[in-house]
Amino acid sequence: MVLEPAVAVAPAGRRGRGTLLVLAAMLLVALNLRVSITSVGSLLTEVREGLHLSGLMAGVVTTMPTIAFAVFGAFTPVLVRRFAAPRVLVGAMVALVAGQALRVATDSAAVFVVTGALALSGIAIGNVLMPMLVKQNFPERTGLITGAYSVSMSIGATVGAATAVPIAHAFGSWRAGLGVWAILALAAIPLWLPAALRRSTVVAVTRSKAAARVRPEVTRLGWAMAIFFGAQSLSGYAAMGWLPTLFRDAGYSPENAGVLLAVLSVVGVPMGLIMPSLSARLKNLHGLILALSGMMMLSYLGMIFAPHAGAYLWVVVLSIGQSSFPLALTVLGLRARTAEGTVALSAFAQSIGYLFAALGPLLVGYFYGLTGGWTVPMLFLVGMALLQAVAGLAIAAPRFIEDEPALTRNP
């Protein structure tokens, strides 16, 4: 069966224009997949004061993204088996708009958390759908398009973190600093709405028996992909949460510690564009995965032995190593033959992976509090990078989730 593109393809004479429309629509969605999260982080103090959040509730707010990605992402394959991809994506963007708008209109901490979860459900579905949309619309350009939307996600994250506070100050309220991003999500809907409303739009994933057999959770490839995704995500969330504290303990001022974290993000932008294209061109990924995991280990060890003198070097090396994230997004498409296989693998890997990643900041904080230093937390992250390398070797060679045998067979 030939899958209909997520956005309607233009007639032959206008196909180039139609392709650009699809790409623009995807990049605008990607821009929304992190901006509302990082803006909350930047304004968390103001939110806590404004809603009188307890320390426990503030912890819930900061942990919610990874939990929501795991829970809501797991349901995405069910949705795309019933509805075409454009309809699912429009629904996700509506949830994101509604959640962001409603959470800034309440004075209740509980309502803020619930509406925040609504917004995150839209992001979780978008996370899982993006590799599938790349597979559907750009099967010959997986690396390039994955790199483009990965960079778009990074730009959104950076913009949200950098501008939420100035916007809040300009309007005199933290609500403006969070609520403004509902407009960005709203802008993505019109690009997908025509395809979502079109009567001829077909369900992207078939209900055939062959499609029903794509079950990553019973395959070695599915679990290896989930562990790889989870290990690299754990490292990323732990770094975002704790590196400024590490560098402040090493003697840097709060301002310079923030600059070091910004360097981590800035270096990651070009790497997010380079890594997917490189990984899509390689016959196997053994050397690349080992190199990236090794760079992460080197960086963490460097932060143990020379956290001040080598700080900028370690941050740059870590940022290059953490380009295993866009690599993972690319591999989700490369290890499936079909859009159905891609969305199934994407949902499973991201759901399990983000649950695993949620432990990162918690465990690093626990080890830091237990020992009063950074040796044990960094050795823990070295261990996670080693786990990432082992799992990565299992997904490095070309293979497809549709062809994978089950781990156990019924008699």
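Figured I'd write up the structure that's included with this text. Please read these numbers as outputs of a predicted model, since none were measured by experiment.

Parameters at a glance
- Residues numbered from 1 in each chain as written.
- Predicted model: local features only at pLDDT ≥ 70, side-chain atom pairs only at ≥ 80, totals over all residues.
- Heavy atoms only, no water.
- Helix = DSSP H or I, 4+ residues; strand = E, 2+ residues; numbered from the N terminus.
- Rg over C-alpha atoms; globule rule 2.2 N^0.38 Å.
- Buried < 20%, exposed > 50% of the residue type's maximum accessible area, 1.4 Å probe, protein only.
- Phe/Tyr/Trp six-rings, centres within 6.5 Å; stacked < 30°, edge-to-face > 60°.
- Expected span 1.5 Å × (residues − 1).
- Contact = heavy atoms within 4.5 Å.
- Axes fitted to C-alpha atoms, helices over the stretch in contact; angles between N-to-C directions.
- Parallel < 35°, antiparallel > 145°, perpendicular 65-115°, else oblique.
- Left-handed = near helix turned anticlockwise from the far one by under 90°.
- Nonpolar A, V, L, I, M, F, W, Y, C, P; charged D, E, K, R; others polar.

Looking only at helices and strands, the protein chain features 18 helices and zero strands. By the compact-globule yardstick of 22 Å for 411 residues, the protein chain fits well, its C-alpha radius of gyration being 21 Å. Its C-alpha atoms put the protein chain at 60 × 50 × 45 Å along the principal axes. Taking all 411 residues of the protein chain together, 52% fall into the buried category.

Turning our eyes to something else, we now look at the packing of aromatic side chains. One pass over the structure, following the stated rule, counts 13 aromatic pairs. Aromatic ring contacts, followed pair by pair, group F69, F229, Y237, F325 and Y354 into a single cluster.

This part covers helix α13 (residues 286-305). The periodicity of an α-helix, 3.6 residues per turn, causes residues three or four positions apart to be oriented the same way. In a regular helix each residue adds 1.5 Å, so 20 residues correspond to 28 Å; α13 covers 29 Å between its end C-alpha atoms and thus fits that length. The set of residues buried in α13 consists of L288, I289, L292, S293, M296, M297, S299, Y300, G302, M303 and I304. Where the residues of α13 are buried, they touch α11 (220-249), α12 (254-281), α14 (311-321), α15 (324-334) and α18 (375-395).

A few words on the packing of α11 against α12. At a closest axis distance of 8 Å, the pairing of α11 and α12 adopts a crossing angle of 140 degrees. Relative to α12, the element α11 lies oblique. As α11 packs across α12, the resulting crossing turns out to be right-handed. Across the interface between the two elements, A239, M240, L243, P244, F247 and R248 from α11 touch P254, A257, L260, L261 and L264 from α12. Along the lines of polarity and charge, the residues of the contact of α11 with α12 split into ten nonpolar, no polar and one charged.

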